[in-house]
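Fold and contact review
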Amino acid sequence: MLRSTLFPPMLFFHFPVLRNARILLPVHSFPNPPPRPPTVCKFSSSADIPPPTSAYVHLPFCRKRCHYCDFPIIALGSSSSPSPSHENDPRIANYIHLLLREIEATKPASHNQPPLETVFFGGGTPSLVPPTLVASVLDALRSKFGMWAAPEISIEMDPGTFDRGRLEELLELGVNRVSLGVQAFQEELLRACGRAHGLKEVGEAIEIVTGCNGLENWSMDLISSLPHQTPEMWEDSLSQAVDARPTHVSVYDLQVEQGTKFGQLYTPGEFPLPTETQSANFYKMASETLTTAGYSHYEISSYCKSGYECKHNLTYWQNRSFYGFGLGSASYINGVRFSRPRRLKEYIDWVQKLQDGMVDHDATRVGSKDMAMDVVMLSLRTARGLDLSSFGRSFGDCLALSLCKAFRPFVESGHVVAIDGDRKSLSFHDFEQQLNDDYEMGNKVAFMRLSDPDGFLLSNELISIAFGVISP
Amino acid sequence: MLMASDFCRLANFPRPQPTTNHRGAWRGSCSPRPFPSDGRPSEPWAFRCLRIARPSAVSRGRSVSCRAAEITTDPGQDRLMKAARMRYILENEPYCLNLIDTPGHVDFSYEVSRSLAACEGALLVVDASQGVEAQTLANVYLALENNLEIIPVRVLNKIDLPGAEPDRVSQEIEEIIGLDCSDAIHCSAKEGIGISDILNAIITRIPPPKDAAGNPLRALIFDSYYDPYRGVIVYFRVVDGTIKKGDKIYFMASGKDYIADEIGVLSPNQLPVDELYAGEVGYLSASIRSVADARVGDTITHFGRRAESSLPGYEEARPMVFCGLFPVDADQFPELRDALEKLQLNDAALKFEPETSSAMGFGFRCGFLGLLHLEIVQERLEREYNLTLITTAPSVVYRVNCINGDTIDCSNPTLLPEPGKRRQIEEPFVKIEMLTPKEYIGSLMELGQERRGEFKEMNFITENRASIIYELPLAEMVGDFFDQLKSRSKGYASMEYTFVGYRESELVKLDIHINGEPVEPLATIVHKDKAYAVGRALTQKLKELIPRQMFKVPIQACIGAKVIASESLSAIRKDVLSKCYGGDITRKKKLLKKQAEGKKRLKAIGKVEVPQEAFMAVLRLEKEVI
């Protein structure tokens, strides 16, 4: 009851109209996506949340675990020869079978389930999975939920796990976006982080990917702040990345997680890891180099050429719902966030229960406060920033104003940028004037975003300040 | 009638706890009086008296904190043991003995002196294994000053302990105090050794009270406590005249009058009687609302037939040590206020007034008789009232002479008048006497020197023990002086101090600025010579404790506008979770929530967020370095 009072009734009609409009759009209008409502989240009860049009599929197999990795993966055992040796590994086939069972047993989130617009094969090393098996997963998704005429289908691929033929096979299945896990352009760094490939395989992989006519959209993953990494190495990696001309670059700052090999060996900020200042500089270097090279820094760790944002990831940043399938994967359906078991055995049991209709999604529905936190946390990761008017509509203009006030010192210090409806940055002076005039607030300040790179670099600080405002 | 076998049964009592932190000796004060002919009590009662006498002997000589703990665990118990009356028959003649236990600690020397004033004689109980301590001396002198009578009985207690050296201790008493120890009684409360000798000695050596029953009533209050059901219960010694149930009585110092609803004796439980005569010790209850109306040292007389003059020695309680008490949880402020009000009902010396601090929120500035008093109050608030408190560094009352001729008493650095308005600052000084085995003389003199002490004299009281006398500012004492004394002497030294007056000192107000903003709760008054060291220590500690901010933060210690110590906190360069993998935001969110939670405990000082722990740690540090 409380929630419904928070939202003007007109909102409930807002969406269906748009959705209908989208469905009526002619097919040839792709690949440009249909216009999306500007807001991240206007909904706080499941009835208002549109059903997912994105699916994440976890393919957990790796040749070996990288030293920084704490994802749910299944190491198949190291092998120097490329994938064919794992081609007939029964563990993969069995897992895919399990995955198909999960997809089959999953009920669509709504009666009028719209077709899927994005599918993301993440891992693990999805490129280790034989294309025929990938095809079976896509078929299952298509028959279960339907598939948009031109969906974005991404797959993560690691150097040394595929050849041209395999890539072409995948493209034939409809895969149209490749995320290549290069991570570094230095042999010693690749070895230091326990990657299963060397520099040679990186070169080959880039050649295959760029040489493939059917693939125009590909992303390169890089990791900064690796142990023993020097600014020169990082500069070199960035320029080699730019030279390879991917449409998208993801730059991840190394996170030393507990329970990983790095976690045992290293302490953040201490040798051989770069100091905090150095690693902040790495981040700035990436931002500068890639921006200069024509990439847009559209999310904390993502850069793309114009129009090549990862649509699947945008689902996350915009707090829209998505399906998740496979070991340890997360889903967000009807306002419920749920993470599947990270251990294979438990996951098998869970799928069985799902089939038996015994699964009780024990994850709690996201409450209004948490929803506001999700919106803030996710939208502030993006260059678009937090849409204040839609945030205000969903969670109260008061809260939106309080957030602005809390960020006031950081607008002054340049960590946060206030943006007007025409996406123009406001000066601190203008912002402050708006802030003092409570009634005018929404008129001019339309968005708040973190500045690049200073605000992005301190995003945790800034987001947790916002959390403190939402949940005092 | 009292058999030796009765005493043997005493052996079942728990052994007195050996104490390492021995502070002072207990004196039982006795006023023997031939038992009134209508004496009600019988033998079992007399036996109970002894039981009572024993635990008070046990409570003697606990360490400060032990004693505080004892009070807090069962505050009533300590009260019950305050006084007891016993019947004793010597050579077929019944006697009534009134025993009063006195608090041992110097913070309560006023109470001790009133207890002693209520007696004809005193038992000097010295631990046969520990020997004479500073406290022993202080109280002997107090007894000699206050009490008309000499101390005729010396008891060497704990002779059952393996470490007991009664001969050495006797010699020490003779040498240090100058009392003849040839007739000292050796006893062990635990084993019941020597108890009948003590009782016999009380009767034979302490004179009976003078018969003054015909004079107008004068009764000396030596203790009082607040009973939630009956109001204040007053313990008193009738010096002149008689007091009857239902009398309208008048407290000469407080000027209050009441009807004595109930009077009685302590047997040791309160036993109502109809009338008490000069020389007797008893209690009364008169629905008195606060102990402040019936303070220790006050004289009770009849409202109708007032005595001409009150008994000498009454003093108003004067707090010497101050500190701020703040609830950790701001919601507990009303509870803290209620608790302090309740404690004050029972403790006229406790003073408090509300105080607001930008860092700590709402709290109280409280005045105490001394450090033990402070500690007891703090313990009671925390244990009995379940409050979690932050205590600021104890401070003393400075006397500021202003240019315009005003004199201001100031205990709060934030209220110190501007430098331009003050002519000079005076601070209270104490004379401190440390008794120590000779091997620690060096380190204790070092301590005295460090604390701005002025060396007065040193005497070897025995071949191996010395008394060192210093005069030093009370402010230097209120920190960890006693702890230092104990740790530097491996626990063997003891000390005693007396207030000697105000003296001018070169004191300055040390301000702490964080990011250019003064932080009032961290301001302190220190001696000019110590300002640099304190300033450096404080800024360094703060640098450790304040989380880095998104900008560079200077931390400075200043005297007026002059920066004397400076540190700077570098800005956070990077705090980013780059990967939000596969849409699983829950883990990252948990981290961010934790971070947000951490921020809630921060207090904003201008733009800088300072955790409460930083204030607490700095206050602890202040106790150490100032």
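Residues numbered from 1 in each chain as written. Chains lettered and ligands numbered in written order. Predicted model: local features only at pLDDT ≥ 70, side-chain atom pairs only at ≥ 80, totals over all residues. Heavy atoms only, no water.

Chain B goes by Translation factor GUF1 homolog, mitochondrial in an unreviewed UniProt entry, where it is assigned to Elaeis guineensis var. tenera. Listed in UniProt under the heading Catalytic activity (unreviewed entry), the comment for chain B reads: "GTP + H2O = GDP + phosphate + H(+)". In its Function (unreviewed entry) section, the UniProt entry covering chain B states "Promotes mitochondrial protein synthesis. May act as a fidelity factor of the translation reaction, by catalyzing a one-codon backward translocation of tRNAs on improperly translocated ribosomes. Binds to mitochondrial ribosomes in a GTP-dependent manner." (UniProt positions renumbered as here; feature names shortened; annotations may be inferred.)

By the naming in an unreviewed UniProt entry, chain A goes by Radical S-adenosyl methionine domain-containing protein 1, mitochondrial and is assigned to Elaeis guineensis var. tenera. UniProt, in the comment section headed Sequence similarities (unreviewed entry), describes chain A in these words: "Belongs to the anaerobic coproporphyrinogen-III oxidase family. HemW subfamily." The Function (unreviewed entry) field of the UniProt record for chain A holds the comment "May be a heme chaperone, appears to bind heme. Homologous bacterial proteins do not have oxygen-independent coproporphyrinogen-III oxidase activity. Binds 1 [4Fe-4S] cluster. The cluster is coordinated with 3 cysteines and an exchangeable S-adenosyl-L-methionine."

1. Here we look at the overall build of chain A
Looking only at helices and strands, chain A features 19 helices and 16 strands. Sorting the 472 residues of chain A into buried and exposed places 57% on the buried side. Put simply, of all contacts in chain A between residues at least 6 apart along the chain, 73% involve residues at least 24 apart. If you sum the accessible surface of chain A, you get close to 19,500 Å²; carbon and sulfur atoms cover 53% of it. (Helix = DSSP H or I, 4+ residues; strand = E, 2+ residues; numbered from the N terminus. Buried < 20%, exposed > 50% of the residue type's maximum accessible area, 1.4 Å probe, protein only. Contact = heavy atoms within 4.5 Å. Areas by Shrake-Rupley, 256 points an atom, 1.4 Å probe, with all protein chains shown as cover.)

2. Brief notes about the overall build of chain B
Counting its secondary structure elements, chain B contains 16 helices and 34 strands. Taken over 626 residues, chain B has a buried fraction of 60%. In chain B, the proportion of contacts linking residues at least 24 apart, taken out of those at least 6 apart, comes to 71%. As presented, chain B carries roughly 25,700 Å² of accessible surface, and 50% of it is formed by carbon and sulfur atoms.

3. Describing the state of the cysteines
As enumerated under the stated definition, the model contains zero disulfides over all chains in all. The thiol sulfur of A:Cys66 is not disulfide-bonded, and the nearest other cysteine sulfur, from A:Cys69, lies at 6.2 Å. (Disulfide = S-S within 2.5 Å.)

4. A word on the pairing of strand 10 (residues 248–251) of chain B
Residues and elements named next belong to chain B. Across three bridges, the pairing between strand 10 and strand 11 (residues 257–259) is antiparallel. Among the inter-strand pairings, Lys-248 is bridged to a residue of strand 11, identified as Ile-259. Hairpin connection, strand 10 to strand 11: the antiparallel pair is bridged by five residues, and Gly-255 has positive phi, about 75°. (Pairing = 2+ DSSP bridges.)

5. Things to note about the side chain of A:Asp374
Locating A:Asp374 in the fold gives a position in helix 13 (residues 368–379). For A:Asp374, a relative accessible area of 0% gives the class buried. Among the polar contacts made by the side chain of A:Asp374, one reaches the side chain of B:Lys589 at a distance of 2.6 Å. When near neighbours in sequence (up to four residues on either side) are disregarded, A:Asp374 contacts A:Asn319, A:Arg337, A:Val366, A:Ser379, B:Ile585 and B:Lys589. (Polar contact = N/O pair within 3.5 Å; in protein donor to acceptor, adjacent residues only side chain to side chain.)

6. Overview of the interface of chain B and chain A
Listed by partner, the interface residues are 27 residues for chain B and 48 residues for chain A. Of the charged contacts, one joins B:Lys589 and A:Asp370 as a salt bridge, the two residues approaching to 2.8 Å between their closest N and O atoms. Where chain B touches chain A, the interface holds 13 residue pairs in polar contact (both at pLDDT 80 or more). For the side of chain B that touches chain A, the class distribution of residues is 10 nonpolar, five polar and 12 charged. (Salt bridge = Lys/Arg side-chain N within 4 Å of Asp/Glu carboxyl O. Nonpolar A, V, L, I, M, F, W, Y, C, P; charged D, E, K, R; others polar.)

7. Let's talk about the confidence of the model for chain A
Do not read the predicted coordinates in detail wherever pLDDT is low. When the pLDDT values of chain A are averaged, the result is 85; 86% of them are 70 or greater. Taken together, the stretch residues 1–47 of chain A has pLDDT below 50 and engages in 63 contacts with residues farther than four places along the chain or on a different chain. (pLDDT = per-residue confidence, 0-100.)

8. Re the pairing of strand 30 (residues 524–527) of chain B
Residue and element names in this part refer to chain B. Here strand 30 shows two buried faces, one formed by Thr-524 and Val-526 and the other by Ile-525 and His-527. Across four bridges, the pairing between strand 28 (residues 507–514) and strand 30 is antiparallel. Looking at the pairing, Leu-507 lines up with His-527 of strand 30.

9. Some details on the sheet that holds strand 15 (residues 416–419) of chain A
Residues and elements named next belong to chain A. The antiparallel open sheet is built from three strands, whose spatial order is 14-16-15. This sheet does not close on itself; its edge strands, each paired only once, are strand 14 (386–387) and strand 15. As paired strands, strand 14 and strand 16 (residues 447–450) are joined by two bridges and run antiparallel to one another. Looking at the pairing, Leu-386 lines up with Met-448 of strand 16.

10. A closer look at the pattern of salt bridges
Residue and element names in this part refer to chain B. The final tally for this structure, using the stated rule, is 42 salt bridges over all chains. When the shortest N-O distance is used, the salt bridge between Asp-257 and Lys-248 registers 3.8 Å. Judged by its relative accessible area of 32%, Asp-257 is partly exposed. Look at Lys-248 and you get partly exposed, because its relative accessible area is 37%. Across the pair Glu-506 and Lys-528 runs a salt bridge whose closest N-O atoms are separated by 3.3 Å. In this pair, Glu-506 sits in the loop between strand 27 (494–505) and strand 28 while Lys-528 sits in helix 14 (residues 528–545), placing the two residues 22 residues apart along the sequence. With a relative accessible area of 39%, Lys-528 lands in the partly exposed category.

11. A short note on the side chain of B:Thr301
Looking at where B:Thr301 falls in the secondary structure, it is placed in strand 16 (residues 299–302). The contacts of B:Thr301, once residues within four sequence positions are left out, are B:Leu217, B:Lys248, B:Ile249, B:Tyr250, B:Met252, B:Arg306 and B:Ala307.

12. A word on the sheet that holds strand 5 (residues 147–157) of chain A
All names here are of chain A. Read across the open sheet, the nine strands follow the order 9-10-8-7-6-5-4-1-11; overall the sheet is mixed. Among the strands making up the open sheet, the edge pair consists of strand 9 (296–299) and strand 11 (323–325). The mean inter-strand angle of the sheet, taken between neighbouring strand axes irrespective of direction, is 20°. Strand direction decides the pairing type here: strand 1 (residues 54–59) and strand 11, joined by three bridges, are parallel. Counterpart to Val-57 in the pairing with strand 11 is Phe-325. Helix 3 (residues 90–105) contacts strand 1 and strand 11 of the sheet and is inclined by roughly 155° relative to strand 1. Along the sheet face, helix 8 (residues 231–243) touches strand 7 (217–224) and strand 8 (248–253) and points at about 180° away from the line of strand 7. (Axes fitted to C-alpha atoms, helices over the stretch in contact; angles between N-to-C directions.)

13. Details of a negative patch on the surface
All names here are of chain B. There is a patch of like negative charges on the surface, built from Asp-329, Asp-331, Glu-335, Asp-338 and Glu-341. Here Asp-329 shows up in the loop between strand 17 (321–327) and helix 9 (333–346). Of the residues examined, Asp-329 reaches a relative accessible area of 39% and is grouped as partly exposed. (Patch = residues over 30% accessible without salt bridge, like charges linked within 9 Å, V, L, I, M, F, W, Y side chains within 5 Å. Lys, Arg positive; Asp, Glu negative; His and termini not counted. Charge placed at Lys NZ, Arg CZ, Asp CG, Glu CD.)

14. Some details on the environment of B:Arg295
Residues and elements named next belong to chain B. Examined against the element boundaries, Arg-295 turns out to sit in the loop between strand 15 (281–285) and strand 16. Residue Arg-295 is classed as buried on the basis of its relative accessible area, which comes to 7%. For the pair Arg-295 and Asp-347, spaced 52 residues apart in the sequence, the C-alpha separation amounts to 9.0 Å. Aside from chain neighbours lying at most four places away, what touches Arg-295 is Tyr-110, Glu-111, Ile-221, Tyr-314, Glu-315, Glu-316, Ala-317 and Ala-348.

15. Considerations on the packing of aromatic side chains
If you walk through the whole model with that rule in mind, you get 24 aromatic pairs over all chains. For the ring pair B:Tyr250 and B:Phe303, a centre distance of 6.0 Å and an interplane angle of 65° mean the geometry is edge-to-face. Taken together, the residues B:Tyr250 in strand 10 and B:Phe303 in the loop between strand 16 and strand 17 connect sequence positions 53 residues apart. Where B:Phe251 meets B:Tyr258, the ring centres are 6.1 Å apart and the plane angle is 70°; that geometry is what we call edge-to-face. An aromatic cluster of at least three residues, connected via ring pairs, comprises A:Phe61, A:Tyr95, A:Phe338, A:Tyr347 and A:Trp350. Its guanidinium or amino end placed over the ring of A:Phe447, A:Arg423 lies 4.5 Å from that ring's centre, counting from NZ or CZ. (Phe/Tyr/Trp six-rings, centres within 6.5 Å; stacked < 30°, edge-to-face > 60°. Lys NZ or Arg CZ within 6 Å of the ring centre and 35° of its normal.)

16. Considerations on the packing of helix 13 of chain A against helix 15 (residues 586–600) of chain B
Their axes nearest at 11 Å, the elements helix 13 of chain A and helix 15 of chain B cross at an angle of 100°. Between helix 13 of chain A and helix 15 of chain B, the angle falls in the class roughly perpendicular. Across the interface between the two elements, A:Asp370, A:Met373, A:Asp374 and A:Met377 of helix 13 of chain A pack against B:Lys588, B:Lys589, B:Leu592 and B:Lys593 of helix 15 of chain B. Residues of the contact of helix 13 of chain A with helix 15 of chain B, tallied by class, amount to three nonpolar, no polar and five charged. (Parallel < 35°, antiparallel > 145°, perpendicular 65-115°, else oblique.)

17. A look at the environment of A:Ser394
All names here are of chain A. As for its position among the elements, Ser-394 is in helix 14 (residues 388–395). Residue classification places Ser-394 among the buried positions, given a relative accessible area of 0%. In sequence terms Ser-394 and Ala-372 are 22 residues apart; their C-alpha atoms lie 8.4 Å from each other.

18. Examining the nonpolar core
If you look at the biggest cluster of nonpolar residues, it comprises 85 residues, and the most contacted ones within it are A:Phe121, A:Leu141 and A:Leu167. With 59 residues, the next largest nonpolar core counts A:Tyr56, A:Val366, A:Leu386 and B:Met550 among its residues. (Core = buried A, V, L, I, M, F, W, Y, C linked by side-chain atoms within 4.5 Å.)

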